[in-house]
Amino acid sequence: MTDLATNPEQLLFASTTRAFLEKEASLTHVRGLHEADSSFESDWWQRAAELGWASLLVPEDLGGGSVSGDGVADLALVAEEIGHSVAPGPLHPVSVVLAALVEAPAGHQDSIEALVSGELIASWALYEPGRPLPLPAAAIQTVATRTESGYRIDGVKDRVEAGAQSGAVLVLATCDGALRQFLVPTDAAGVSVTEQNSVDLVKRYARVQFDGVLVDESAAVGEAAQTPAILERQRQVALVLQCAEIVGILESVLAMTNQWLFDRHSFGRPLASYQALKHRAADMKMWFEACRGTTAAAVAAVASRSPDAPLLVSVAKSYVAERAPVMLQDCVQLHGGIGVTWEHDLHLYLRRVSLYRAMFGSPEDHHRAVYALSRKSDTPS
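Residues numbered from 1 in each chain as written. Predicted model: local features only at pLDDT ≥ 70, side-chain atom pairs only at ≥ 80, totals over all residues. Heavy atoms only, no water.

Naming follows an unreviewed UniProt entry, where the chain appears as Acyl-CoA dehydrogenase family protein of [Mycobacterium] burgundiense. Taken directly from UniProt, the Cofactor (unreviewed entry) text for the chain runs: "FAD". (UniProt positions renumbered as here; feature names shortened; annotations may be inferred.)

Engineer: Residue-level account of the nonpolar core, with values.
Structural biologist: Ranked by size, the top nonpolar core spans 106 residues in total, and within it Trp45 and Trp53 carry the most contacts. Not counting residues within four places of it along the chain, the set of residues in contact with Trp53 comprises Phe13, Thr17, Phe20, Leu21, Trp44, Trp45, Ala48, Leu75, Val78, Ile82 and Leu91. If you look at the next biggest cluster of nonpolar residues, it comprises 20 residues, including Ala125, Phe182, Val191 and Ala219. (Core = buried A, V, L, I, M, F, W, Y, C linked by side-chain atoms within 4.5 Å. Buried < 20%, exposed > 50% of the residue type's maximum accessible area, 1.4 Å probe, protein only. Contact = heavy atoms within 4.5 Å.)

Engineer: Describe helix 10 (residues 346-358), naming the residues involved and giving the relevant values.
Structural biologist: With 13 residues, helix 10 ought to run about 18 Å at 1.5 Å a step, and its terminal C-alpha atoms sit 19 Å apart, in line with that. Those residues of helix 10 not exposed but buried are Leu346, His347, Leu348, Tyr349, Leu350, Arg352, Val353, Leu355 and Tyr356. The secondary structure elements touched by the buried residues of helix 10 are helix 2 (27-35), helix 4 (71-84), helix 5 (91-101), strand 7 (205-216), helix 7 (227-263) and helix 9 (309-335). One or two steps after helix 10, the chain reaches Phe360, where phi turns positive at roughly 60°. (Helix = DSSP H or I, 4+ residues; strand = E, 2+ residues; numbered from the N terminus. Expected span 1.5 Å × (residues − 1).)

Engineer: Hey, could you go over the state of the cysteines for me, with residue numbers and the actual values?
Structural biologist: Under the criterion given, the structure shown has zero disulfides. Of all cysteine sulfurs, the one in Cys291 lies closest to Cys243, which takes part in no disulfide; the gap is 8.4 Å. Look at Cys243 and you get buried, because its relative accessible area is 2%. (Disulfide = S-S within 2.5 Å.)

Here it is in structure tokens:
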């Protein structure tokens, strides 16, 4: 069981989550969705929401709640369990949107309620076409213009996770020279959604175009002065979810590989008995524990809204996303020829890790962020 669980309530929640995933979102299920050219089933997500997955970041007075009182930690537990079977579903985009809405809930109570129940799926429309993150504000081409009754939104976003399955998107745009976010229904006039595939078997993204989309004043999430802090909160939640899921992936892949080394024999001896392979297994165990430790520190910092949270989430993303692909490639090699076949499950995990390595900043981006934040903290006051 996951080491992120620190109390009996979390252990029970993690156990229930794992049982649900083993029954409803196994690796066989993931392969079936891919063969059917599907991402996830909406009724499946509603059942997941009934388990409380979508309520964890939402305070009780808005209809949410968490099993332990620490919603970020509980959400990270779910993400880690999802990593064990690279399960489908919009946990990440829904959680990131809710992370914003609960910071400025005025006018969005109905949407929060629908997201918590699983009736509504929403995603964060952050990326600009052809541009990576981090993205300077001056480079954002999506514009919101004030009208008599609200705003007009024009622009294009891409890499919107579950965009084609979402009933709303949270759009980052510039308005009067400042960053603002707007919750826009995907069935609004002027919104067009084009699905995009990814390297992952079941993760789907979308290009969302806004051509003169008119929204009410209530579509805005918070005031302009609140937006930078809300964006930072969303970024932190997105990153800890990525890292926690990768930790779950690594745990499963290392267990699979270690079992293979004991089961597979060469010259009458199990592969695990060879000194060189023992050293490789020991190195991967050390890296895995470091991934788990940096992720746990980031989760705790985000949960407590620590001033060190921006630094610690970048430490986690830079380390986890850098080491995990290397570890998985090592596991593929240790499996020999079978490790590179379509039939073996290793590539399902490698695909998810490769995707997460690129999203919300590469390890190199976060190495630079760690350097900049470390220098800032070392500057005498």
